[in-house]
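Summary of structural features
Chain by chain, the residues run as shown.
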Amino acid sequence: MNGYAVIGGGPSGLAAARALHRRGIDVDGYEASHGVGGLWDISNPRSTMYESAHLISSRTTTQFSEYPMSSRVDYPGHRELLSYFRDYADHFGLTALFRFDTTVTRLEPRAGGWDLTSEGPEGTATRHYAGVILANGTLSEPNIPSFPGAFSNELLHTSAYRSPAQLAGRRVLIIGAGNSGCDIAVDAVHHAASVDMSVRRGYHFVPRYLFGRPSDTLNRGRPLPPRLKQAVDTRVLRAFTGDPTRFGFPRPDHRLYESHPVVNTLILNHLGQGDLRIRADVERFDGATVRFRDSTSDEYDLVLLATGYRLHYPFVDHRHLHWQGSAPRLFLHIFPPSFSGLYVVGMVEASGIGWQGRYEQAELLSDYLDAVERRPSRAEAFRRRVAGAPWPDLTGGYRYLPLDRMAYYVNKDAYRRAVRRERQQLDEYAGRAHGSPSPAT
Ligand SMILES: Cc1cc2nc3c(=O)[nH]c(=O)nc-3n(C[C@H](O)[C@H](O)[C@H](O)COP(=O)(O)OP(=O)(O)OC[C@H]3O[C@@H](n4cnc5c(N)ncnc54)[C@H](O)[C@@H]3O)c2cc1C
C-alpha cells in the first residue's frame, strides 16, 4: 500500500502535503492543472479568479505562519499569491510530490484502503492508497439557481468572469452581492454601459481598513462574547460605513457575523455616486427583459450570476462522505465518522481563517495518521470520541443563517480552539511540535 494521496495542489492540498511530509508520511499529490496554486492560478481551467482579484482577508491574517509572504502589501493580488504558493511548494519540497495535468476521476474502497483512478499524461492509471485526502476546493463548482422564464442575451456565472473586457459597453445585471459580486460590480462601473445589482437580502459591509489598519487585524486578542462583539463592531461599522439601506440595500435580516460579511466599501462609494443601482430580487426572465419582484423591469445585455458555489466531490459516492443536505457531515469538517480512510482538508469557511487555518486542519490529520501507524490506541481513542461524544460547537455562539453555503461555515476562534484541543488529546507533544522545525523540515 502506497501511503496517502492528496487531491488538489491548491493552498489546502499544499497544506496537507506539507503536514504529512514533515511527519515522514508518504504523499502522492494529484493536480488537474499544470502547477500548484489552485484557484489563485488564473490559468488553471478550474480557477474562478478574475484579473482584478486581490485577497479579501489581509496578508498577515491569511498566510501560512511558518512561511510568511515576502510581499509588504496588505491585500496582494492573485499573481503575487500564485508566486507565493509556488515558492512555498518549492521551499518545502512539495512540488515534486505532485503529478500535474492529472485529474482524479474515481475513488473506490478496496482491501482496507482506496483505489484511486486518474487520467493524465500517463493515460488512465489506478493506484492503491491507505487513505485519500480530498483538497479539491470549495469554490469551483458554480451554484446556478433556476429562474422562471428564459433570458435571451448572455447569462454567465461569475466563475466564467475573467476581465472587464467582458463587460465593456454592455448593460449589466449582477445577481447577488457577495464578495465576488461586489468586486465585479466595481469593475463594471468603469467599463459597462450601465450596472444594476439584484439582491434578495441585505448585507453587512466591512471596510478593508479601520483606524488605518486592515480591519481583520484588529481585535486579535481574546475573542469578545458574540453579543458584545456584534454590538461593538456594529457601532464601529455604523460610524465608518453608515447605513447600507441609505444606498438602496435592504436592511439585513441577520446580525453582523451571522453570515459572511462583504469586505468592500467601494461599492457603497459607487452607489453614492450613482454609478450603479440596487434592484429587487428577480421574479422572472422574459427575453432580454428581467422582471423584478417590486414590479419593475429592465433590459440587459449580460446577466452575471454571483450566486456562489456548491461543494463537489464528483469522483466518490456521496455515502462515503456522509452527505447531509448540501454538505458532507464530517467531524471538524475533516473526518467522516465512519473513518473510511477518506479525509477532507479545506472544506471550511470562516471570516479570517486563512490558509493557516487549513494548515491546522492538516496538522490534526497528520497527527491522527501518525497515531494510526505508531500509537494505534490513541487513534482508537480519537475514533471512539468522534463516534460517542457530542461534537464541539464550532459556531462560537453566533446564529448562522440557515443557508446551504453556511453548512460548513465556522467561527475561526471556536474552530481553531477545537482543532487544538483534539491535537492535544491525540498527542501530548502536539502543542510543542506546533510551528517548530521537525526532522522532515
Ligand atoms: C476571488 C476570490 C477571492 C478569495 N479571497 C480569499 C481571501 O482573501 N482569503 C481566503 O482565505 N480565501 C479567499 N478565497 C477562497 C479560496 O478558495 C482559498 O483562498 C483557497 O484557494 C482554497 O484553497 P483550496 O486548495 O481548498 O482550493 P483551490 O484553490 O480551489 O484548489 C483546489 C485544486 O484542486 C484541483 N482539483 C480539483 N479537482 C481535481 C481532481 N479531480 N483531480 C485533481 N485535481 C483537482 C484544482 O485544479 C485546484 O488546483 C478567495 C476565493 C476567490 C475566488
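Provided above is the structure to which this section pertains.
Here's a quick rundown of the structure. Residue numbers here run from 1 along each chain, matching the order of that chain's written sequence. At least 70 in pLDDT is required for a residue's local features to be given in this predicted model, at least 80 for side-chain atom pairs to be given and counted, and no such filter applies to totals for whole chains, interfaces and linings, which use all residues. Note: side-chain values were computed over all heavy atoms of the structure, leaving out hydrogens and water.

1. Remarks on unusual backbone geometry
- Unlike most non-glycine residues, histidine 322 shows phi in positive territory, near 55°.
- Following the sequence through the fold, histidine 322 ends up in the loop between strand S18 (302-305) and strand S19 (323-324).
- Exposed residues in this analysis have more than 50% of their type's maximum accessible area, buried residues have under 20%, and partly exposed residues fall in between, with area computed by a 1.4 Å probe over protein chains only. Classification of histidine 322 as partly exposed rests on a relative accessible area of 26%.
- Of note in this structure, histidine 333 is not a glycine but carries a positive phi near 60°.
- A helix here means a DSSP run of H or I that spans at least four residues, while a strand means a run of E at least two residues long, and both kinds are numbered starting from the N terminus. Mapped onto the elements, histidine 333 comes out in the loop between strand S20 (327-328) and strand S21 (342-344).
- Look at histidine 333 and you get buried, because its relative accessible area is 11%.

2. As for the site of the ligand
- Residues are classed as near a molecule or strand on a simple rule: at least one heavy atom within 4 Å of it. Lining the immediate surroundings of the ligand are 31 residues, of which Ser12, Glu31, Ile56, Ser57 and Trp355 lie closest.
- For the ligand, an oxygen atom lies 3.1 Å from a polar atom in the side chain of tryptophan 40.
- Isolated, the ligand exposes 980 Å² of accessible area, and the fraction of that covered by the protein chains is 93%.
- If you list the elements that add at least two residues to the shell around the ligand, you get helix H1 (11-22), strand S4 (103-110) and helix H7 (354-374).
- Looking at the shell around the ligand residue by residue, the classes come out as 15 nonpolar, 14 polar and two charged. Pairs of N or O atoms are called polar contacts if they sit within 3.5 Å, as long as, within protein, a hydrogen donor faces a hydrogen acceptor (for residues adjacent in sequence, only side-chain-to-side-chain pairs). For every accessible area listed, the method is Shrake-Rupley and the probe measures 1.4 Å; residues are considered covered only by the protein chains on display. In this count, Pro and Cys sit with the nonpolar residues alongside Ala, Val, Leu, Ile, Met, Phe, Trp and Tyr, while Asp, Glu, Lys and Arg are called charged and the others, Gly among them, polar.

3. A short note on helix H5 (residues 226-241)
- Multiply 1.5 Å by the residue count of a helix minus one, and that product is the helix's expected span. Taking 1.5 Å per residue, 16 residues should reach 22 Å; H5 reaches 21 Å between its end C-alpha atoms and fits that length.
- Here a residue-residue contact requires only that any non-hydrogen atoms of the pair lie within 4.5 Å. Along its buried surface, H5 packs onto helix H6 (266-272).

4. Focus: the pattern of salt bridges
- Salt bridge, as applied in this entry: a Lys or Arg side-chain nitrogen positioned within 4 Å of an Asp or Glu carboxyl oxygen. Across all of its chains, the model carries 34 salt bridges by this definition.
- One salt bridge in this structure joins arginine 423 and aspartate 367, with 2.7 Å as the shortest N-O distance. Note that arginine 423 is positioned in helix H9 (residues 412-426) and aspartate 367 in helix H7, a separation of 56 residues in sequence.
- Owing to a relative accessible area of 8%, arginine 423 belongs among the buried residues under this scheme.
- Across the pair aspartate 370 and arginine 374 runs a salt bridge whose closest N-O atoms are separated by 2.9 Å. Linking aspartate 370 with arginine 374, this pair stays in helix H7, spanning four residues, or about one helical turn.
- Take arginine 374: its relative accessible area is 57%, and that puts it in the exposed class.
- The network of salt bridges with shared partners includes Arg23, Glu363, Asp367, Asp370, Arg374 and Arg423.

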